[in-house]
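# Overview (structure and organization)
Residues per chain, in single letters:
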Amino acid sequence: MHINEQFELKAKEAIHKKGAIGPDVDLSTFDPTPSPHFEMVDDDLRNLPREEQERLLMAGLDVTEKERGGTFLQMNDHAVHCHSSQEGIEVLSIQKALAEQPWVRDYYWKLADVGADKYTAAAQLGLHDGYVIRSLPGSKSVYPVQACLYMHKDGMQQNVHNIIVAEEDSELHIISGCATAPHLKRGLHVGISEFFVKKNAKLTFTMIHNWAEEVMVRPRSVARVEEGGLFINNYISMKPVRSVQMYPTTHLVGEDAVARFYSIVVGSPGSEYDLGGRIFLKAKGTRAEIVARAISNGGKMIARGHLIGEVPEIKAHLECKGLLLNGGLIHAIPELEGHVDGVEMSHEAAVGKIAQEEISYLMSRGLNEEEATSTIVRGFLSVDIPGLPPQLQAEIDRVIEESDKDVM
Amino acid sequence: MLKIEDLQVKLGEKEILKHIDLEINPGETHILFGPNGSGKTSLLMTIMGYPQYEVVSGKIMFKGEDITHMPIDERAKLGIGMSYQRPPTINGLKTRQMVELCAGGEINEAALARQVNFEEFLDRDVNAGFSGGEIKRSELLQLMAQKPDLMLFDEPESGVDMENITLVGNIIAELLEKHLHPSRGRSKMQAKADRTKMGLIITHTGFILDYVSADKGQVLYNGKLSCVSNPREILNCVGDTGYEECVRCISMNNLS
């Protein structure tokens, strides 16, 4: 049987299968019908209404493409703009790649399970588009590739599958944003991502979510990191959203492979987040770190983290800090699993409010109470991410800075 | 001018300051002595305006305004600043940013930091993992940017190593405009009139007196300001006989 038929079969079996965790989504209330195809050249991007450009920029996509190594933009169900401006870096739409580049089949559904739940099933049975980004062996990207999955049609369901491959000794930086048009209220985003970090490769992946109040989001992602590879995965979501549930998994399979997850999330009233990261340490000398900062100003947030040490001489740390600003709920669930002697694993979790002592201290330097509070919140959200290129760090700082007013 | 009249303060249920009277005129620096737990830090925190220090009676006047119930930030804006003994850590806020906040705008942080030998700490989070001495230099750096008119120092020399003690002493003297000495064409009276900065310094060791000339020394004992005298005299007396004896002795002298 052809491999794709097998995927179809497995997917069909899973179409009613609820997700392992998180609130269920009724797929029948969203519209997955594709819209007419069109493409956008550089000028089209730059001529988008200012309001939309701003939405894209808040999700990390700069239409001027300044200091970007490539761009992928998907509108609703298909890619409208896709190119690379760096040698050794390929940026393709997955529909095109599956049709024209046989090698992509070696990675498609290799890590993620098509039969996991109804969301993975939907991404197989009704795949719209997505991106394939690959750095060729030995190539070093100077600027990050920017990718954005944009939802424009109210009430739509967007099914995406992304494949990211950092070949041996290469370095790849990606800033991947998701955003909705200003008028869009309701929608469902299903996104499969499979990451392959080969021997001694370095991949940084910064995901910025910028949704609307009635949007449901169900990403499913799995990564595999080989010997000496480094995978940095950042996640930022500070705008209201109805529900996000994701639990990305990383397998460190080669010696001295490293994975670092950083997430910065703000939960507004009516928002529900169930987030986490799971890292399997399967080879000697592997390292893993999960750092989460969650602020709830009325939202419900579950912050999970699960580290699994399967062999000796591994090191893993989990850190989750939650700040309750205005009611809401933060539930930290850190898990450590050591399967053999000689693992070194730790976690720290703290949930609380801003210390009055810190507010008073800043007030005695001349800040009013509101300024003092927002200064402390901004500090809480600022996380130094080792190994992140400065322009990406600046991008994160900018998003935090701009979202600051919404947080308070 | 700072003028405190018949101030009574409670922390929780406990009365911690009893009938305090204190007056610091422009250009004056006072030294506050007293054993641990006598209420020295509480007095500073009350002047700064920490709300948990509840003023039961009496009042605090500064620059002619009644600030008894004024919020902390308004007191800071009016010109009161404090160098803390154990300030909190502010995670994610760089010392560089803090200095800028103190200045209320752009400032050359590096040049300022150089003066207190603190440049290498500018990119570290405020007070995060700082040693006792590093905290003191960080506090001074913040005051240098803030430039308050009344400065409250809570044991500014404790924990500072020998190498930095001169530095700390000289910086405090500079903050308090002690350099405005009588010089050519200016009498002692004029120099003193030029000096407007006021200081209230808590010290146990008295090291600070080697660098900062103080106008008065006061002993706070059991929540009461018990005596006013020359700070050197108080220091010697406490060193010889201890606080209790010292308070009794000086009180009697003051009475006679």
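Look up: the structure comes first, before these words.
All of the points below concern the structure found in this document. Fair warning: this is a prediction, and the values are worked out from it, not measured in the lab. (Residues numbered from 1 in each chain as written. Chains lettered and ligands numbered in written order. Predicted model: local features only at pLDDT ≥ 70, side-chain atom pairs only at ≥ 80, totals over all residues. Heavy atoms only, no water.)

We now examine the overall build of chain B. Within chain B, the secondary structure is distributed over nine helices and twelve strands. Over its C-alpha trace chain B gives a radius of gyration of 18 Å, about what one expects of a compact globule, namely 18 Å for 256 residues. With the C-alpha coordinates aligned to their principal axes, the bounding extent of chain B is approximately 55 × 50 × 35 Å. The buried share of chain B, reckoned over its 256 residues, is 53%. Of the contacts formed within chain B by residues at least 6 apart in sequence, a portion of 67% connects residues at least 24 apart. A total accessible area of about 11500 Å² is found for chain B, and carbon and sulfur atoms account for 48% of it. Each charge sign in chain B was given a centre, from 28 positive and 36 negative side chains, and these centres are 3 Å apart. (Helix = DSSP H or I, 4+ residues; strand = E, 2+ residues; numbered from the N terminus. Rg over C-alpha atoms; globule rule 2.2 N^0.38 Å. Buried < 20%, exposed > 50% of the residue type's maximum accessible area, 1.4 Å probe, protein only. Contact = heavy atoms within 4.5 Å. Areas by Shrake-Rupley, 256 points an atom, 1.4 Å probe, with all protein chains shown as cover. Lys, Arg positive; Asp, Glu negative; His and termini not counted. Charge placed at Lys NZ, Arg CZ, Asp CG, Glu CD.)

This part is about the sheet that holds strand β1 (residues 2-11) of chain B. All names here are of chain B. In space, the four strands of this open sheet follow the order β2-β1-β4-β5, with antiparallel pairing throughout. With one partner strand each, in any of the chains shown, β2 (14-24) and β5 (65-66) form the two edges of the open sheet. In the sheet, strand β4 (residues 53-62) pairs with β5 via two bridges, with the strands oriented antiparallel. Bridge assignment links Met61 to a residue of β5, and that residue is Asp66. (Pairing = 2+ DSSP bridges.)

Next up on the list: the pattern of salt bridges. Oppositely charged side chains can pair when the atoms bearing their charge come close. Residues and elements named next belong to chain A. Following the criterion strictly, the structure yields 23 salt bridges over all chains and no others. In this structure, the salt-bridge partner of Asp31 is Lys153, at a minimum N-O distance of 4.0 Å. Taken together, the residues span a long stretch of sequence, with Asp31 in the loop between α1 (3-13) and α2 (42-46) and Lys153 in the loop between β5 (145-151) and β6 (156-166) at a distance of 122 residues. Ionic pairing is found between Arg304 and Asp274, a salt bridge with its closest N-O pair at 2.7 Å. Here the residue Arg304 occupies a position in strand β18 (residues 300-309), and Asp274 occupies one in strand β15 (residues 272-275), the gap between them amounting to 30 residues. Accessibility expressed as a relative area gives 5% for Asp274, which makes it buried. (Salt bridge = Lys/Arg side-chain N within 4 Å of Asp/Glu carboxyl O.)

Here His306 of chain A is to be found in strand β18. Setting aside its immediate chain neighbours within four residues, His306 of chain A contacts Tyr247, Gly277, Arg278, Ile279, Ile290, Glu335 and Glu337 of chain A.

Now for empty space enclosed by the protein. Where empty space is left becomes clear once a probe the size of a water molecule has been rolled over the atoms. Residues and elements named next belong to chain A. Following the criterion strictly, the structure yields three cavities of 30 Å³ or more and no others. Space inside the largest cavity adds up to approximately 400 Å³. What lines the largest cavity is a set of 37 residues, among which Met207, Tyr235, Met246, Pro248 and Gly276 lie closest to the centre. Grouping the constituent residues of the lining of the largest cavity by class yields 23 nonpolar, eleven polar and three charged. By volume, the second largest cavity is sized at about 50 Å³. Lining of the second largest cavity is provided by Ile290, Ala292, Ala303, Arg304, Gly305, Leu318, Glu319, Cys320, Ile333 and Pro334. (1 Å grid on protein atoms, 1.4 Å probe; cavity = no way out; pocket = protein on both sides within 12 Å on 5 of 7 lines; lining within 4 Å. Points joined across faces, edges and corners; volume = space filled by probe spheres on them. Nonpolar A, V, L, I, M, F, W, Y, C, P; charged D, E, K, R; others polar.)

Residue and element names in this part refer to chain B. In the contact formed by helix α3 (residues 95-103) and helix α5 (residues 132-146), the axes pass within 7 Å of each other and the chain directions differ by 35 degrees. Crossing hand, α3 versus α5: right-handed. Contacts between α3 and α5 pair Thr95, Met98, Val99, Cys102 and Ala103 from the former with Leu141, Gln142, Ala145 and Gln146 from the latter. (Axes fitted to C-alpha atoms, helices over the stretch in contact; angles between N-to-C directions. Left-handed = near helix turned anticlockwise from the far one by under 90°.)

Trans is the common state for peptide bonds, and a negative phi is the common state for residues other than glycine. Residues and elements named next belong to chain B. Phi is positive for His19, which is not a glycine, with a value near 45 degrees. The residue His19 is located in strand β2 in this model. In this structure, Glu155 takes a positive phi of about 45 degrees despite not being glycine.

Below, the discussion takes up the pairing of strand β4 (residues 131-135) of chain A. All names here are of chain A. Summarising burial for β4: five of the five residues are buried, a large majority. Residue alternation in β4 divides its side chains into two sets, Tyr131, Ile133 and Ser135 and Val132 and Arg134, and both sets are buried. Looking at chain direction, β4 and β6 are connected through four bridges and run parallel. Of the residues in β6, the one forming a bridge with Ser135 is Ala166.

Moving on, we come to the sheet that holds strand β10 (residues 198-202) of chain B. Across a sheet, paired strands are connected by hydrogen bonds in the backbone, their directions being either parallel or antiparallel. Residues and elements named next belong to chain B. One open sheet holds the six strands; their spatial order is β6-β9-β10-β3-β11-β12, and the pairing between them is mixed. On the outer flanks of this sheet lie β6 (80-83) and β12 (224-229), each paired with one strand and no other. Averaged over neighbouring strand pairs, the angle between their axes works out to 20 degrees when direction is ignored. Here strand β11 (residues 216-221) pairs with β12 via five bridges, running antiparallel. Within the sheet, the bridge partner assigned to Gln218 lies in β12 and is Val228. Lying over the sheet, helix α1 (residues 40-48) contacts β3 (29-33), β6, β9 (150-154), β10 and β11, oriented at roughly 150 degrees with respect to β9.

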